[in-house]
Amino acid sequence: MTSVWTADHGTSDGGTSDHGASNDGTADGGTDHGAPGGPAGAAAGALRELLGLLADGAPAERFARPAADARAAGAGAGEQAWVEEATRVALDIRRTLDQHRRREAELTALFDTAGDLAALRDPDAVLRAIVHRARLLLGTDVTYLTLNDPVVGDTYMRVTDGSVSAAFQQLRLGMGEGLGGLVAQSARPYASADYRTDDRFKHTAAIDHGVSEEGLRGILGVPLRVGNRVIGVLYAADRAVREFAPEAVALLASLADHAAVAIDGARLLEETRAALVELGVANETVRAHSEAMRLAAETHDRLTELVLRGADTGDLAREVAALLGGGLVVHDSDGSELARVAAGPQGQEPPEEVQGRPRAQERPEAQERPEARDEREAWTAASRSGGRAVRAAGNWVCAVLAGPELLGSITLTGRPELPDSDRRLFERTALVTALLLLLRRSTAQAEDRVRGELLGDLLATGPAGRVRDPAGQSLRARKVGVDLTRPHAVLVLHCDAAQRTRLLAEGTRRARALEGLAGLYEGRVVLVAPTGHPGPLARSLAEDLGRVLAVPVTVGCAGPAAGPPGLPAAHAEALRCLEALHALGHTGQGAALPDLGFLGILLGERSDVAGYVERVLGPVLDYDRRRGTELIGTLEAYYAHGASLAKAKDALHVHVNTVVQRLDRIRQLLGESWNTPSRALEIQLALRVHRVSGIAQSASPEVSGLPR
């Protein structure tokens, strides 16, 4: 028909006879083709009107009017056919122009979409923009997008536009299920004018329920591809039956291609951002770790320098407590506290810390509560097995190890939270503490050998019982911090054989604290300490050491001895006292011979008779001297007559009530147990020694028949 359109309009002489004489034969194609209103003029007018409609982009229904006007003007059949053909060609041109305009609009929209997507950086914003632009371009009720899950092996609903159903918005489609699953699996676009009745697809209850609840009928799905990889599906859907033209499929596919690139770009950008963030964090971590390692190395050097300068555990504890900003307690392997800084007993802050006066001292006498000690030992065992400091009820505990050997533990208080850098510093402190304790132990062992040799020389006697070189022994003692010019007591300690090594260690530690000597002599632990009161010291040691070792510790003592010459005899007496304590069943107690009563007088070489009488009868003798009474005489008469009140009152020539009153006064002076068998024996022996030794004046004249 185009060719017809070209023949009819390509000549200048009027053409065929069908146009008649109405054509004036002019060649300029002007409007003056014939007489106005004639048939030829009607055809020309129709052509001009069709061209005008094309130029104006008029709607299709207006293109029928020129043909109608030509018929009304009386155009012949040939002219009418010519006008109708021109009308058909004009409509074809209009459709082509409409397609070009629509395609131009679509391309413009795609370019705008690509620009918009390229400007977005947030993946979620990119996805929302894609589905919204798809809905605008295709004019559908709903658009949505699913992304493939390579882990699960399905495609899941990621974002929707225009959807109202919660069930639909949460759909997951297995590969090959429904329209979307088939698109995701095959990487090909699919369209359905009415999905509900379309049996080409694999229907599932979940998918059909979601589609039905959303009210969808016509659905179009195209793959989102990056290279050969399908990353998801882009959909356009209507709630009415709809046939999707190829142009719509191509448009959505083009948008999907742009969208896939934008999605992948956003993903890569997000991954790059995440990688940069991780890199920044890693860089900061490395920097912090490097700084921590530098500080730790500097701290380690400082602590090592302390040890090499001869610092003790108190100096080390002060330094570390200042660095970590907490309290520090150091224990040895036996649980004895070696040093405490900025922490009171069992984690309580001491008053001087509250007042701002820091304290750091070695306190071997400090003892923990049994339950606190058990907890610390349990945490120390956990640290030893794990090789790291462990958190213990708001504190931190680290085992002090030398290889597999446990040397002790350190406890950090006041720091419930401990960063890794500070934790490493705390653990380095345990290493330096181990070094310090090893040096301390080596020094102590050497010193103990010297002390032990000196102790053996002090307790041994030379030929004919003479002490070897007292002046030299005193000089050697001064070199180890012992002043033998002071009175010293000798104490012999005994416990189960299994605990003898620990008893020696504890005895040595106590001797240092007392500025004395300790060691093994003739198979027994012996301690020489400066004191003027051996008995109380023996009782205190027996109690304290028994609590530390958790076994009975018996201590026999003698002295005080003035200078080295008296120490061998004091040792022999202390040994006899220890044997007497065991014989009397006083295991786990401490005493001197005078504390054993008359038995001590019998066993002692330097019997203090007057002291014995004073210890037993002193309160009664003082009362008689002050009041001028006859309580001593009453006691003698009472015991001389078999503890009979009647015979005693006859011997004293007083009323029986007087005897009762005197005995009650004696009870008040000597205690409630004065008349028990053991005390009665002591009192009678003291009365006889008192009379025989002539310590007091002769008995009262009232007393008669008393044994002399």
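Residues numbered from 1 in each chain as written. Predicted model: local features only at pLDDT ≥ 70, side-chain atom pairs only at ≥ 80, totals over all residues. Heavy atoms only, no water.

Participant: Even after reading the chapter, I still don't get the environment of D332, so can you show me in this structure?
Facilitator: Of note, D332 is situated in strand β7 (residues 327-332). The buried category is assigned to D332, whose relative accessible area is 9%. Residues D332 and L437 lie 105 residues apart in sequence; the distance between their C-alpha atoms is 8.5 Å. Each residue touching D332, except ones within four places of it in the same chain, is listed here: L338, L407, G408 and R509. Side-chain polar atoms of D332 contact the side chain of R509, separated by 2.9 Å. (Helix = DSSP H or I, 4+ residues; strand = E, 2+ residues; numbered from the N terminus. Buried < 20%, exposed > 50% of the residue type's maximum accessible area, 1.4 Å probe, protein only. Contact = heavy atoms within 4.5 Å. Polar contact = N/O pair within 3.5 Å; in protein donor to acceptor, adjacent residues only side chain to side chain.)

Participant: Even after reading the chapter, I still don't get the pairing of β7, so can you show me in this structure?
Facilitator: Remark: a regular strand shows side chains that alternate across the two faces of the sheet. Counting buried positions along β7 yields six of six residues, so the element is predominantly enclosed. Burial along β7 is two-sided: G327, V329 and H331 facing one way and L328, V330 and D332 facing the other are all buried. Of the pairings in the sheet, the one linking β7 to strand β12 (residues 405-413) comprises six bridges and is antiparallel in character. What sits directly across from L328, in β12, is L412. Bridge analysis of β7 against strand β8 (residues 337-341) gives four bridges, and the strand direction is antiparallel. From the neighbouring strand, V330 faces β8, where its bridge partner is A339. Linkage of β7 to β8, two consecutive antiparallel strands, is achieved through a turn of four residues, within which G335 is found at a positive phi near 90°. (Pairing = 2+ DSSP bridges.)

Participant: Quick question: what am I supposed to make of the sheet that holds strand β5 (residues 219-226) here?
Facilitator: Within a beta sheet, neighbouring strands are joined by backbone hydrogen bonds and run either parallel or antiparallel to one another. Strand order in the open sheet made by the six strands is β3-β2-β1-β6-β5-β4, with antiparallel pairing throughout. Looking at which strands have only one partner, the edges of the open sheet turn out to be β3 (172-174) and β4 (190-192). For this sheet, the mean angle separating the axes of adjacent strands, direction not counted, is 25°. Across eight bridges, the pairing between β5 and strand β6 (residues 229-237) is antiparallel. (Axes fitted to C-alpha atoms, helices over the stretch in contact; angles between N-to-C directions.)

Participant: So what exactly am I meant to see when it comes to unusual backbone geometry here?
Facilitator: Glycine aside, a negative phi is what most residues show, and trans is what most peptide bonds show. Of note, the amide linkage connecting G559 to P560 takes the cis form, showing an omega dihedral of 0°. Tracing the backbone shows P560 in strand β16 (residues 554-562). Notably, A187 is not glycine yet its phi reads approximately 60°, a positive angle. If you trace the backbone, A187 turns up in the loop between α7 (178-186) and β4. Here the phi dihedral of H653 falls at roughly 60°; this positive angle occurs in a residue that is not glycine. By secondary structure assignment, the location of H653 is in the loop between α21 (645-652) and α22 (656-670). For H653, a relative accessible area of 63% corresponds to the exposed category.

Participant: Help me understand the packing of aromatic side chains in this model?
Facilitator: Between two aromatic rings, the relevant description is the distance of the centres plus the angle of the planes. This model, assessed by the stated rule, comprises six aromatic pairs. When the centroid spacing of 5.4 Å and the interplanar angle of 65° are considered together, the rings of Y638 and Y639 count as edge-to-face. We classify Y639 as buried; its relative accessible area is 12%. Summarising the aromatic geometry, the rings of Y638 and W674 are spaced 6.1 Å apart at their centres and angled 45° between planes, so their arrangement reads as tilted. With Y638 in helix α20 (residues 631-640) and W674 in the loop between α22 and α23 (677-693), this pair connects stretches of sequence that are 36 residues apart. As far as the burial class goes, Y638 and W674 line up, both buried. Taken together, the ring pairs in this structure connect Y144, F168 and Y235 into an aromatic cluster. (Phe/Tyr/Trp six-rings, centres within 6.5 Å; stacked < 30°, edge-to-face > 60°.)

Participant: So what exactly am I meant to see when it comes to the pattern of salt bridges here?
Facilitator: Opposite charge on two side chains makes pairing possible when the charged atoms of those side chains draw close. This model, assessed by the stated rule, comprises 29 salt bridges. Between R172 and D149 there is a salt bridge whose closest N-O contact spans 3.1 Å. Of this pair, R172 sits in strand β3 while D149 is found in strand β1 (residues 142-149), placing the two residues 23 residues apart along the sequence. Residue classification places R172 among the partly exposed residues on the basis of a relative accessible area of 40%. (Salt bridge = Lys/Arg side-chain N within 4 Å of Asp/Glu carboxyl O.)

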